[in-house]
Amino acid sequence: MVAGGESLTYRELDGRANALAFELIGCGVGPDVVVAVAAGRSVDLVVGLLAVVKAGGAYLPVDPRYSGARLEYVLADAGPLVVVTDRVTDGVLPAVGVPRVYLDDERSVVERAPSDADRVGSLCPDHLAYVIYTSGSTGVPKGVQVSLRSVWSLFAGMGSGVRGSGRGCVGVVSFAGVRFLGVGDVGCVAAWGTTVLVPWEVVRSPVDLWGVLVERGVTVLSQTPAAFYALIDARPREAVGSVLRLVVLGGEAVDPARVQGWWGRGWMRRRWSTCMGSLRRRCM
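Residues numbered from 1 in each chain as written. Predicted model: local features only at pLDDT ≥ 70, side-chain atom pairs only at ≥ 80, totals over all residues. Heavy atoms only, no water.

## Examining the packing of helix H9 (residues 206-215) against helix H10 (residues 225-234)
Here is step 1: For the pair H9 and H10, the least separation of the axes is 9 Å and the interaxial angle reads 80°. Taken together, the axes of H9 and H10 are roughly perpendicular relative to one another. Counted together, Pro 206, Val 207, Leu 209, Trp 210 and Leu 213 of H9 and Ala 230, Leu 231 and Ala 234 of H10 form the full contact between these two elements.
Here is step 2: Its residues assigned to classes, the contact of H9 with H10 shows eight nonpolar, no polar and no charged. (Axes fitted to C-alpha atoms, helices over the stretch in contact; angles between N-to-C directions. Helix = DSSP H or I, 4+ residues; strand = E, 2+ residues; numbered from the N terminus. Parallel < 35°, antiparallel > 145°, perpendicular 65-115°, else oblique. Contact = heavy atoms within 4.5 Å. Nonpolar A, V, L, I, M, F, W, Y, C, P; charged D, E, K, R; others polar.)

Below, the structure is given as structure tokens:
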């Protein structure tokens, strides 16, 4: 995993997540217990998300860029047992009387992952993996509960694409908000690839994002359709240096007409045509 100037190997990511998971278990985190995770787009964020799942809890991704009123509402409505954050982000979070566990505290790496013998209760597929809130554009934000079974079903559905990219795939997750991070972040990890987290300002700039795709040799890209359309418009006339093999689109309906011309120019390998053919059938 790569974010800014920091990178983690699989061993380092697992060890840090294990250490935090055992600490969360000590705080009482277990099956169906909600834990808010608030941090910037960093490796610490993904360590926190994985640690909550390893502990058996359900993570609630909280975007520190939210307004104070939204932050207060989401934290009050979800009722997390603890908030996992860093000390910089903690400065913008409302004081809602929920204990903090800090990602930037020093911890010894733990190679052994928690098991049911360590957790406060046995973990089953129908227990919660995470809780996510809608934008609230049609009223107040609404919480949606997603089970572990659903998450692994998603990974299975993506198997022919992301996992088919194999070891050595490099993926960028560039969904606009932290509230949509999590499943996408670990998707490339599950495929034994490298996940690249890009800063918020790069996410908002299709030109800069294209530069990251080329610089990092990104083979798998995960975006919303609207953001991908903007990337198409911003790309160089010739996709010099691009090695993209798979684009995963989610979050809203895909307009096949907006993407057909792009993949039809041969800038993607056959896997793209297969993936988009599937998307087209689902959208029509």
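After that view of the structure, there is still more to cover.
## A closer look at the nonpolar core
Here is step 1: Among the nonpolar cores identified, the biggest contains 32 residues, and Leu 20, Leu 24, Val 37, Val 84 and Tyr 130 are the most heavily contacted of them.
Here is step 2: Take this core: its biggest share by element is eight residues, from helix H2 (residues 43-55).
Here is step 3: Dropping the residues within four chain positions of it, Val 84 is found in contact with Leu 20, Leu 24, Val 35, Ala 36, Val 37, Ala 38, Gly 48, Val 101 and Leu 103.
Here is step 4: Ranked by size, the runner-up nonpolar core spans 20 residues in total, among them Val 212, Ile 232, Leu 244 and Val 259. (Core = buried A, V, L, I, M, F, W, Y, C linked by side-chain atoms within 4.5 Å. Buried < 20%, exposed > 50% of the residue type's maximum accessible area, 1.4 Å probe, protein only.)

## Details of the side chain of His 127
Here is step 1: By the secondary structure assignment, His 127 is in the loop between strand S6 (100-102) and strand S7 (128-133).
Here is step 2: Judged by relative accessible area, which is 17%, His 127 ranks as buried.
Here is step 3: Every residue in contact with His 127, bar those within four places of it in the chain, is listed here: Pro 31, Asp 32, Ser 122, Ser 147 and Leu 148.

## As for the packing of helix H1 (residues 10-26) against H2
In a packed pair of helices, the relevant descriptors are the angle between the two axes and the axis-to-axis distance.
Here is step 1: Look at H1 against H2: their axes get within 8 Å of each other, and the N-to-C directions meet at 55°. By the criterion of interaxial angle, the relationship of H1 to H2 is oblique. Considering the relative orientation of H1 and H2, their crossing is right-handed. Listed contacts from H2 to Leu 13, Asp 14, Arg 16, Ala 17, Asn 18, Leu 20, Ala 21, Leu 24 and Ile 25 of H1 are Val 43, Asp 44, Val 47, Gly 48, Leu 50, Ala 51, Val 52, Lys 54 and Ala 55.
Here is step 2: Classifying every residue of the contact of H1 with H2 by side-chain character gives twelve nonpolar, two polar and four charged. (Left-handed = near helix turned anticlockwise from the far one by under 90°.)

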